[in-house]
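# Coordinate inspection notes
Listed below, chain by chain, are the residues.
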Amino acid sequence: MNSAFRSIPILPVAAVAILVVAGFYDLRLWAILAVWLGAWFVNTRLSAMGGPVVAIWVPVIFGATLLVIWELAVRLYEISPVILPAPSAIAVAFAENTDLLWADFVQTILKGALMGYVIGCGAAVLVALAVDRSLFLQKGLLPVGAFLAALPIVGTAPIFVMWLGFGPASKAAVVVAMVFFPMLVNAVEGLKASSAMQRDLMHTYAASYGQSLMKLRLPTALPFLFNGLKICTTLALIGAIVAEFFGSPTVGMGFRIKIAVGRLEMGLVWAEIVVAALAGTGFYGLMTLLERQLTFWHPSQRR
Amino acid sequence: MTTTVDPTENAAVPCAFCVAMRRVAGAVLPALTVVGVIVLIWYAGAYLMNRSITLDTAERRDVELTAGEVFADTMAQERPRLPAPHQVIAELWNTTAGEEMFRIRRGELRPNPRSLFFHAYQTLAPTILGFIIGSLAGLLLAIGIVHNRAMDLSVMPWAIASQTIPILAVAPIVIVVLNAVGLTGVVPKSLISAYLSFFPVVVGMVKGLRSPSAMDLDLLRTYSASASETLFKLRLPSSVPFLFASLKVGIAAALVGTIVAELPTGARFGLGARLLTGSYYGQTIQIWSALFMAAICAAALVALLGLAERITLRRMGLGA
């Protein structure tokens, strides 16, 4: 019974059936479904082959298919650009406003997010060193830190904007508040990562605290530190953009999104989203690259 | 007759209760101390930040204030730069216990927009609805990814990449767009929280469903178990710890998502709306109380999931 079912290729038959039904119902739907099923067929075939090249092409084909379907759906169903602009329209908006987008990028990402990220993560690592030396702080600060890390800290944005004004300082402060606790928890965890045996070995070498820290504990903490640094990249961008909703000078990604939504210039809004996405993946990718350079010895980096 | 109690006798045989108390104190005392220090710093900060306002008003009215009066005034301003902790707690109390949750308006029983519970509900309802939708969809996609190689190769890289994108920051746009289509109320907000809880669950559950060892999977193959039997009897049970870990991440993200989604759309109800109106009118106490309410909600949701996790793991025999 079971084997009889398996001998019939269910999925291709179902796909053709869906196509035929959709063709009778609506030709536009037929076109979209045809693109989807065609791409899926190619991807299934490619995945069955395997290999490193396939691992790159399959997701690329999948992403491109989504874009084509998006474009097709917007054009065929004449969706209003206010609701959902086509990818081509977004690309045009992006190309037309590169100066504006670059200015926003510098204001929000480089001045706000990056400054807060460096200050927040740096401070968290320093505090983690202090926490590591005191059992009392470990017992006291860690539960509080873990609790605070789960809270909607982005809500402090209006307070910081009120205190520090509309400039990048308030954005950086929000970012500091957002990245501090996740980074702290990871850094403390990392400083505990060296084994008792390894620490004893350093002790038998009569290594000082500083030597043991630089030569053993910080290197073993690096995978944890990078985990925290990677989580914090996204948090930093979110903090900087959201803080601009509460007040900003007339430049910045959050400001532009707010204004452009008000004017219903959705192409520009989506172009800003593209910039945010690129900045986010770029920032994260940079950290991954650094991690690979510095923690090449860790099992997770082996290939 | 008087009995003399030898103090050393008690100390020598510590009662079980005393040991338990000491253990609790050992865990709680440091955390309480840290919280106490934070509150102290907060009071000091409130004094320092509000002093200039007090001195300015005093100067304008030509009144000389003693140090004590200045301190008292910094603790009780209507629109302080930093409200003192007791002001925030008083505001929280007044807007929750001090306000009716429902009141009669034009002959109908309606929710009272002055009650903070009402705003918390406006935020929590879409959060939880979206969280359930998002987690279920994430679970289904994870099952698909584990069983279908084409799906794994096409979707996984995008699911991971999407976590590096500051999606939260663009949540308000989705709300505006959906409002333009005529969708208002709970649905747009819960879409955001569904989207935000979706990806953590996908990534976590793919890891969890793949966590059974090759040995266990081989054993089921020798039993000639079908894919669905393997799923229900091995993969799903062994993925439960991963499930709860990603659910906790997901619900925290979902709550933040709903709050942020309320920001630039001029929503009138909800914790995000309280934050926004508070910042427009300089009502700092209102901002802080909304922030605390959000924190309480987040903590409660995560704690509920933690409780469910402990009960489930214990019943599965995995609990510590």
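Rules used throughout
Residues numbered from 1 in each chain as written. Chains lettered and ligands numbered in written order. Predicted model: local features only at pLDDT ≥ 70, side-chain atom pairs only at ≥ 80, totals over all residues. Heavy atoms only, no water. Contact = heavy atoms within 4.5 Å. Buried area = accessible area lost by both parts, 1.4 Å probe. Salt bridge = Lys/Arg side-chain N within 4 Å of Asp/Glu carboxyl O. Polar contact = N/O pair within 3.5 Å; in protein donor to acceptor, adjacent residues only side chain to side chain. Helix = DSSP H or I, 4+ residues; strand = E, 2+ residues; numbered from the N terminus. Nonpolar A, V, L, I, M, F, W, Y, C, P; charged D, E, K, R; others polar. Axes fitted to C-alpha atoms, helices over the stretch in contact; angles between N-to-C directions. Parallel < 35°, antiparallel > 145°, perpendicular 65-115°, else oblique. Left-handed = near helix turned anticlockwise from the far one by under 90°. 1 Å grid on protein atoms, 1.4 Å probe; cavity = no way out; pocket = protein on both sides within 12 Å on 5 of 7 lines; lining within 4 Å. Points joined across faces, edges and corners; volume = space filled by probe spheres on them. Buried < 20%, exposed > 50% of the residue type's maximum accessible area, 1.4 Å probe, protein only. Domains from an automatic or database assignment. Patch = residues over 30% accessible without salt bridge, like charges linked within 9 Å, V, L, I, M, F, W, Y side chains within 5 Å. Areas by Shrake-Rupley, 256 points an atom, 1.4 Å probe, with all protein chains shown as cover. Lys, Arg positive; Asp, Glu negative; His and termini not counted. Charge placed at Lys NZ, Arg CZ, Asp CG, Glu CD.

### A few points about the interface of chain B and chain A
Each partner contributes to the interface: chain B provides 52 residues, whereas chain A provides 47 residues. On the chain B side of the contact with chain A, B:Thr164, B:Pro166 and B:Ile173 bury the most area, a combined 14% of that side's loss. For the pair chain B and chain A, the interface holds zero salt bridges. Counting the contacts that link chain B with chain A gives three residue pairs in polar contact (both at pLDDT 80 or more). Listed by contribution, the elements that provide at least two residues to the side of chain B that touches chain A are α2 (16-60), α6 (149-162), α7 (171-181), α11 (240-261), α12 (271-280) and α13 (284-315) of chain B. Its residues placed into classes, the side of chain B that touches chain A shows 40 nonpolar, 10 polar and two charged.

### A few points about the packing of helix α9 (residues 168-191) of chain A against helix α11 (residues 209-244) of chain A
All names here are of chain A. Direction vectors running N to C along α9 and α11 enclose 155°, while the axes themselves pass 7 Å from each other. Judged on the interaxial angle alone, α11 and α9 are roughly antiparallel. When the axes of α9 and α11 are compared, the crossing they make is right-handed. Grouping the constituent residues of the contact of α9 with α11 by class yields 21 nonpolar, six polar and four charged.

### Some points on empty space enclosed by the protein
One pass over the structure, following the stated rule, counts one cavity of 30 Å³ or more. Roughly 40 Å³ of volume is contained in the largest cavity. In terms of lining, the largest cavity is formed by A:Pro152, A:Gly155, B:Ile259, B:Leu271, B:Leu275, B:Ala290, B:Leu291 and B:Ala294. Taken together, the elements giving at least two residues each to the lining of the largest cavity come down to α12 and α13 of chain B. The element best represented in the lining of the largest cavity is α13(B), accounting for three residues. Split by residue class, the lining of the largest cavity holds seven nonpolar, one polar and no charged.

### A short note on the pattern of salt bridges
All names here are of chain A. According to the stated counting rule, one finds nine salt bridges over all chains in the structure shown. A salt bridge links Arg217 to Asp132; the nearest nitrogen and oxygen atoms lie 2.7 Å apart. Linking Arg217 in helix α11 with Asp132 in helix α6 (residues 98-133), this pair joins segments that are 85 residues apart in sequence. We classify Arg217 as buried; its relative accessible area is 10%.

### A few points about the domain arrangement of chain B
Residue and element names in this part refer to chain B. We note that the domain assignment places domain 1 (7-82) and domain 2 (108-315) within chain B. Domain 1 and domain 2 are separated by 36 Å when their C-alpha centres are compared. Each partner contributes residues to the interface: domain 1 has seven residues there, and domain 2 has seven residues. Roughly 510 Å² is buried in total at the junction of domain 1 and domain 2, and carbon and sulfur atoms are behind 56% of that figure.

### Let's talk about the environment of B:Leu65
Residues and elements named next belong to chain B. Structurally, Leu65 can be placed in the loop between α2 and α3 (67-74). Here Leu65 falls in the partly exposed class, since its relative accessible area comes to 34%. Residues Leu65 and Met316, spaced 251 residues apart in sequence, show a C-alpha to C-alpha distance of 66 Å. Aside from chain neighbours lying at most four places away, what touches Leu65 is Thr54, Ala58 and Val70.

### Brief notes about a negative patch on the surface
The grouping of B:Asp56, B:Glu59, B:Asp62 and B:Glu64 at the surface amounts to a negative patch. Mapped onto the secondary structure, B:Asp62 falls in the loop between α2 and α3.

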